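Below, each chain spelled out in residue letters.
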Amino acid sequence: MPQEPNLYYWGWNAAVLCATGGNRGGCGNGVDCHRTPFTVVFVGTMPRSMFARVYSSEAGAWSEMTTSSLFAHDYCLMGKPISARAENMLYFLSSGSMILKYGVTTGKLSEIHLPDTANPTNVVLTVSEDGGLGFAEVVGSRLYLSSRNAGPDEDAGWTQNRVIELNRLFSIGARSTTPKVLGFAADGVGVIFLRTKDGVFTVDLKTERFVKLEKFSVESNINRIYNIVPHVRFYTHDLNRHVYH
């Protein structure tokens, strides 16, 4: 893949989309994504503006740069390499409470914001049960789940849907009182990844079941794990089964 020109100054992020999934960006029907065309959406920041470029594996080239000067402040895309795709939009978490919004089919850039009460340093973007944008935030020993309301960007707000008590982590070997949010597994999996000083844990949003991931040990310097990027791959076409890593 040709290298993206070094046009960004303060930060960048990217998302890989399966080109066979149409507007939904997913393979579906047991198709092996590793053997199909793909696109890479690359977004970056410049002084008081942001830009996007798209790479197509079929064309073997990057698109022209799309820029937006609508951003009134200087933002920097945060280090979380995790984006969320909901309702044919890609969302990237930026500095402060700003979320960069990219239209997959339109190529347009815009911005929305987290609630003023949210702490963006312990937040991960999610996809809600109805397919819309959401976010998960840890405050103390509780996991809060919120979803974006329908409506124009400037008018739509957020609704807090659920609160999951994290005290049960203590019964499976966690002693930290405020876990860090590391990532979210979408594509129907619905799992949040959390880090404590005693290891990495998952919480299933459907069953609220907690599991400790033994592959992440304290000896592996757990404090240096800042993000987890799960992905789904099909490995048995006949059974249409999938696993995430």
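Rules behind the numbers
- Sequence order sets the numbering: in each chain, residues are counted from 1 along the sequence as written.
- Confidence filtering applies because this is a predicted model: local features only for residues at pLDDT of at least 70, side-chain atom pairs given and counted only at 80 or more, and all residues used for totals across whole chains, interfaces and linings.
- To obtain the side-chain values, all non-hydrogen atoms of the structure were used and water was disregarded.
- Within this document, salt bridges are pairs made up of a side-chain nitrogen of Lys or Arg and a carboxyl oxygen of Asp or Glu, the two lying within 4 Å of each other.
- Going along the chain from the N terminus, every DSSP run of H or I of four or more residues is numbered as a helix, and every run of E of two or more is numbered as a strand.
- For every residue, the accessible area (1.4 Å probe, protein chains only) is compared with the maximum for its type, and the residue is labelled buried under 20%, exposed over 50%, or partly exposed between those bounds.
- Think of pLDDT as the predictor's per-residue confidence, scored from 0 to 100.
- Throughout, a contact is declared for two residues whenever any of their heavy atoms are within 4.5 Å.

The protein chain is annotated in an unreviewed UniProt entry as F-box protein AT5G49610-like beta-propeller domain-containing protein from Urochloa decumbens.

Caption draft 1: Representation of the pattern of salt bridges in the model. Considering all chains together, one arrives at two salt bridges under this definition. One salt bridge connects Glu165 with Arg142, and the closest N-O pair in it is separated by 2.9 Å. Of this pair, Glu165 sits in strand E13 (residues 158-165) while Arg142 sits in strand E12 (residues 142-148), and the two are 23 residues apart along the sequence. On the basis of relative accessibility, which here comes to 34%, the residue Glu165 falls in the partly exposed class. Using a relative accessible area of 38% as the deciding quantity, one classes Arg142 as partly exposed. Between Arg162 and Glu208 there is a salt bridge; the shortest N-O distance is 3.0 Å. With a gap of 46 residues between them, Arg162 in strand E13 and Glu208 in the loop between strand E16 (199-204) and strand E17 (210-213) connect regions that are remote in the sequence. Glu208 sits in the partly exposed class, given a relative accessible area of 26%.

Caption draft 2: Examining the confidence of the model for the protein chain more closely. Put simply, the protein chain has an average pLDDT of 77, and 70% of its residues get 70 or more. Mean pLDDT per element in the protein chain: strand E19 (residues 241-244) is the minimum at 43, and E12 is the maximum at 93. Low pLDDT, under 50, characterises residues 234-245; the predicted model gives this stretch 29 contacts beyond four residues in sequence or across chains.

Caption draft 3: Expanded view of the environment of Thr117. You can see Thr117 is positioned in the loop between strand E9 (109-113) and strand E10 (123-127). Residue classification places Thr117 among the exposed residues on the basis of a relative accessible area of 76%.

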